[in-house]
Structures are given as C-alpha cells and as structure tokens.
Amino acid sequence: MKGQLCHVIVVDGEHSKKGVVNDLENFLRVAHPGAVVFGDDCAPYKRTVPKSEEMLEGWMEFVKRKQIISVANYRNPDLGSPGFVEGVVPDKDGGYTLGL
C-alpha cells in the first residue's frame, strides 16, 4: 500500500474469535485515525451463524483496550443473520473525527 492508510475497514473473514482478532490486528496497522470499522456477523442475538458469540468477544477485546470505539450493533430481526458491529479507530488522544 506504500504508506497509504485505510479509512474504511470491513472484516468479513474467518468466523472465529481468532480470525476476528487476527484481521483486526492486521487492519489496525494500516488504519487512519477516524477510520470506520465494520465487523460482519459479530452482533449475535439468537442467530444462526455459528461462533458469532466468540466473534463478538474478539471485537470486544479491541473495544476494551480502546483500540476501537464501539459505535453500534446492527441487527435485522427479520433476518437469520446476526448482523454487524460498527466502530471507529481513535486518534492518539483517544477521540475521533469522522471524515476523509
């Protein structure tokens, strides 16, 4: 990427806690402060995707360490999907400003 940073990150990979953690660790290395981060199938509520609860645990590790600021969990009650989570990469002071 030659020094370029990501402004939008979508994690929709291996459906496991380890997969979420690995993907987020790698993406955060190239994330611009204020980057919006989405994690698919990480907002479980009695849904059908196996391991979505442990995927949320992986996401929450980054939230607890303040590497991602959690913004929302999205679920459509009419779908079998567990939905997705949204967050923002904080700047060095722990805040964020949206925009490119």
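Since the structure is predicted, the reported quantities are computational estimates derived from the model, not experimental observations.

Parameters and conventions
For every chain, the first residue of the written sequence is number 1, and numbering continues from 1 along that sequence. Only residues with pLDDT of 70 or above have their local features reported here, since the model is predicted, and side-chain atom pairs are shown and tallied only from 80 upward, although totals for entire chains, interfaces and linings are computed over all residues. As a convention, hydrogens and water are excluded, and side-chain values are obtained from all of the structure's heavy atoms. Using a 1.4 Å probe on the protein chains alone, a residue whose accessible area is under 20% of its type maximum counts as buried, one over 50% counts as exposed, and one in between counts as partly exposed. In this text, helices come from DSSP runs of H or I with a minimum length of four residues, and strands from runs of E with a minimum of two, each type numbered from the N-terminal end. Note: two strands are recorded as paired if DSSP finds a minimum of 2 bridges between them. Cavities and pockets were defined on a 1 Å grid built over protein atoms only: a cavity is a set of grid points that admits a 1.4 Å probe from which the probe cannot escape, a pocket is an open set flanked by protein on both sides within 12 Å along at least five of seven lines, and lining residues are those with an atom within 4 Å of any such point. Grid points are joined across faces, edges and corners, and a volume is the space filled by probe spheres set on the points. Three categories are distinguished: nonpolar for Ala, Val, Leu, Ile, Met, Phe, Trp, Tyr, Cys and Pro, charged for Asp, Glu, Lys and Arg, and polar for the others, with Gly belonging to the last. Take a side-chain nitrogen of Lys or Arg and a carboxyl oxygen of Asp or Glu: if they are within 4 Å of each other, that pair is a salt bridge.

> Talk me through the pairing of strand β4 (residues 84–88); I want residue IDs and the actual numbers.
Counting buried residues along β4, 4 of its 5 residues qualify, which places the element largely inside the surrounding structure. Summarising the sheet, strand β2 (residues 31–40) and β4 pair through 5 bridges and their orientation is antiparallel. Bridged to Asp40 within β4 is Phe84. Alignment of strand β3 (residues 69–74) against β4, held across 5 bridges, turns out to be antiparallel. Residue pairing in the sheet places Ala72 in a bridge with Glu86 of β4.

> Give me the lowdown on empty space enclosed by the protein, citing residues and values where you can.
Remark: the empty space left among the atoms is shown by a probe the size of a water molecule rolled over them. Taken as a whole and assessed by the stated rule, the structure comprises 1 cavity of 30 Å³ or more. Taken as a whole, the largest cavity encloses approximately 50 Å³ of empty space. Around the largest cavity sit Val11, Asp12, Gly13, Glu14, His15, Val20, Asp23, Asp40, Cys42 and Met55, which together line it. Looking at side-chain class alone, the lining of the largest cavity contains 4 nonpolar, 2 polar and 4 charged residues.

> Provide a residue-level description of the pattern of salt bridges, including the pertinent values.
For the coordinates displayed, the defined rule picks out 3 salt bridges. In this structure, the salt-bridge partner of Glu57 is Lys17, at a minimum N-O distance of 3.9 Å. Placement of the pair is Glu57 in helix α2 (residues 52–64) and Lys17 in helix α1 (residues 17–28), with a sequence separation of 40 residues. According to the relative accessible area criterion, Glu57 is partly exposed, its value standing at 44%. Its relative accessible area of 27% is what places Lys17 among the partly exposed residues. Notably, a salt bridge pairs Glu61 with Arg65, separated by 3.8 Å at the nearest N-O pair. Shared partners join several salt bridges into a network, and the residues in it are Lys17, Glu57, Glu61 and Arg65.

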